Structure formats: C-alpha cells, structure tokens
Amino acid sequence: YCSNLKADLVNVPVNQIYDTEYECCSEVFPTQAYCLSQIHPNDPNYNQPSGRPSLGAAEGYGLPNQFVAVFANGVEEGYCSNLKADVIGTPENQIYESELECCTDNFADQTSGKCISMLPEELQPSAQPSIIMLGLAKQYVAIRANGYEDGYCSNLKADLVNVPVNQIYDTEYECCSEVFPTQAYCLSQIHPNDPNYNQPSGRPSLGAAEGYGLPNQFVAVFANGVEEGYCSNLKADVIGTPENQIYESELECCTDNFADQTSGKCISMLPEELQPSAQPSIIMLGLAKQYVAIRANGYEDGYCSNLKA
C-alpha cells in the first residue's frame, strides 16, 4: 500500500515520493487491488469502488472516461467497467472513453445483451423496433429478420454494431425508402413525434393543406381504375414512383392524369377551398390563366370557363 506517515517518509528518495496516494498505487502496484482499497474514503477524487461490476460515469463512481472490457465470466457475461481495479494495468489502446464504445467494440456479438444492459437507464434501448427519441441519432440500419414485408429500420445500438458505414442512413425515412421502397410496414414504424414524417392517415389522399403526407409530391393512383383514380402524397404511394411521374401539386397531378374522368373523383379530393364552383366561370376559383370556350348551349349562349372540370 502507499503511506504518507512521517515515519515512512524519512530517508525516501525524492523520485519515489508521489503527490497522491492514487498515483503511488497505480505506479508501484498496478496489478493489485489492495493498495487502491486503502485510499481514504474521504478523498473526493478517488472514491472507493462499489461491489457492482460496472457503475458508469453517470453515477459518479469509477474513473471518468476510462472503460475497459471485463471477460472474467466469458463473452456472454462480459461487461465494461471504469472501476480503478479493472482499469489499472490495462494497455492504453484497450481503454475507451465511454461505456457504450467499449461495449460495441468488445461485445458486439453478445446475444445476452449483458454489456449494453449495464449502461445507465437513460441510455438503454427501447423494446420497440425503432424509436427516434431513443437509440443513436442519425444512424439507422435496415432490419430484415422477419423478411422484406415486415422489415423496418432501427437506430438501436445493438442493431448498429458492425454494420458497414455505407448501410447506415441519416434518417429512418431515408432508410425505409432506400431498402424497403415497395412495402408500407417500415414507414409505419416511424416515430409519431418525428416532425418531418407524420404517419399517413387511412384516407387515400390528404393534400398538403392538411399537413400530412409528403409536401409537393403527388402521384396518380389507378388501383381502382381511371374513374376511381385520385392523386396521393402518402409515403407508401410516392416511394418507388419515377421522378417524372411525381407532381408538385395535387391539382397538377389530377389534370394530367384524370382529365377525362367523368366521375370527378380526383378533383373532389382537393381541399375544400380549391373545389370548383357550380358557376360557369369564376375567376377566383378554377385555373389561373387557363380559359376555354364552352359551346354546350350554342353560340348565342356560349361562354368561357377556367373551371378545372
């Protein structure tokens, strides 16, 4: 152990006298724990380790920003520790600044999840497959465990370990659209609190005015034929559509794809304030700078109209 008693210091060479008890222990007794255990409990810098195997910096014990892997009980029961007794004597290149980094580097294939489970509670991954507010920011990977149709994207730490950089996406939406472009399940898992990508409603076409779907991206949906066709900006409809078939407005999409639709279905899906009036020609409604001659009642009763229909 190390001592600062006067009787012990007499005649000791200057180069063998240490400023702190901790420095003395770590230099002279680097591979044993007894010396550290003798450090005075009132020393504010070097609190005694507890009986727990790993405490984490968040709890204020152990060495700050110094974590090492502990394999004493094998890989499946391995964990990372910043206790002095574990850190001292460990080569510098095996000491990590964070417990998470230590876990991901040493226990990436650990099926028990032991190491990750030792992290402070606020860093624990959720049981949900993908949660924006938990997990790692701007790091999403595709999970195909249940097949393509039930695939989703995750930012949980355990899923990201050992994934190549070129398969990690900045957003959950980008991951879904790149890896699962023709299925809807992945998009449905996007967190409801994500302000950029609200979940689609059950309605076939919501329109940008209602704040749902993708802004300025509308595509024609012919699922039930031309007469029942409409335009949608729902993510599930837009993803995978060629760029030249995506329109900036729902109206533009309708007029290009359903101009001959006698049912008026597509136009009827527009927000109420854009619906055409029953009057033959209304400047404030209808299409700007687009007028046609209407001869339905003959020349004498003919007029010009800018109604969408």
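Here the residue index of a chain counts from 1 through its sequence in written order. Reporting of local features is limited, given that this is a predicted model, to residues whose pLDDT is at least 70; pairs of side-chain atoms are given and counted only at 80 or more, and all residues count toward the totals for whole chains, interfaces and linings. Note: side-chain values were computed over all heavy atoms of the structure, leaving out hydrogens and water.

S.K.: Before we move on, could you go through the layout of surface pockets and cite the residues and values that matter?
M.R.: A cavity here means a set of points on a 1 Å grid, drawn over the protein atoms and nothing else, where a 1.4 Å probe fits but cannot get out; a pocket is an open set with protein on both sides within 12 Å along at least five of seven lines, and a residue lines either one if it has an atom within 4 Å of a point. Grid points are joined across faces, edges and corners, and a volume is the space filled by probe spheres set on the points. Estimated volume of the largest pocket: approximately 490 Å³. Cys-2, Ser-3, Asn-4, Leu-9 and Cys-24 are the residues nearest the centre of the largest pocket, which is lined by 17 residues in total. Sorting the residues of the lining of the largest pocket by element identifies helix H1 (6-9) and helix H2 (21-28) as the ones contributing at least two each. Each helix corresponds to a stretch of at least 4 residues labelled H or I by DSSP, and each strand to a stretch of at least 2 residues labelled E; elements are numbered beginning at the N terminus. Among the elements that make up the lining of the largest pocket, the one with the highest residue count is H2 (three residues). Residues are grouped as follows: nonpolar covers Ala, Val, Leu, Ile, Met, Phe, Trp, Tyr, Cys and Pro; charged covers Asp, Glu, Lys and Arg; every other residue, Gly included, is treated as polar. Considering only residue class, the lining of the largest pocket consists of ten nonpolar, four polar and three charged.

S.K.: Could you give an account of the packing of aromatic side chains, with specific residues and numbers?
M.R.: Between rings of Phe, Tyr and Trp, where Trp is taken as its six-membered ring, a pair exists when centres lie within 6.5 Å; planes separated by under 30 degrees are stacked, by over 60 edge-to-face, and by other angles tilted. Scanning the entire structure with this criterion turns up three aromatic pairs. With a centroid separation of 5.0 Å and an interplanar angle of 40 degrees, the aromatic rings of Phe-71 and Phe-107 are classed as tilted. Of this pair, Phe-71 sits in the loop between strand E1 (68-70) and strand E2 (79-81) while Phe-107 sits in the loop between helix H5 (99-106) and helix H6 (114-117), and the two are 36 residues apart along the sequence. Remark: exposure states derive from per-residue accessible area (1.4 Å probe, protein chains only) relative to the maximum for the residue type, with buried under 20%, exposed over 50%, and partly exposed in between. Classification of Phe-71 as partly exposed rests on a relative accessible area of 41%. Ring centres of Phe-222 and Phe-258 lie 5.0 Å apart, and the angle between their planes is 40 degrees; this geometry places the pair in the tilted category. Linking Phe-222 in the loop between strand E5 (219-221) and strand E6 (230-232) with Phe-258 in the loop between helix H11 (250-257) and helix H12 (265-268), this pair joins segments that are 36 residues apart in sequence. The partly exposed category is assigned to Phe-222, whose relative accessible area is 41%. With a relative accessible area of 6%, Phe-258 lands in the buried category.

S.K.: Any details on the state of the cysteines? Residues and values, ideally.
M.R.: Two cysteine sulfur atoms make up a disulfide if the distance between them is within 2.5 Å. Across all of its chains, the model carries seven disulfides by this definition. Cys-231 shares a disulfide with Cys-253; S-S distance 2.1 Å. Linking Cys-231 and Cys-253, the disulfide has an S-S dihedral of approximately -85 degrees and is accordingly described as left-handed. Pair noted here: Cys-231 is in strand E6 and Cys-253 is in helix H11, with a separation of 22 residues, a long-range link. According to the relative accessible area criterion, Cys-231 is buried, its value standing at 0%.

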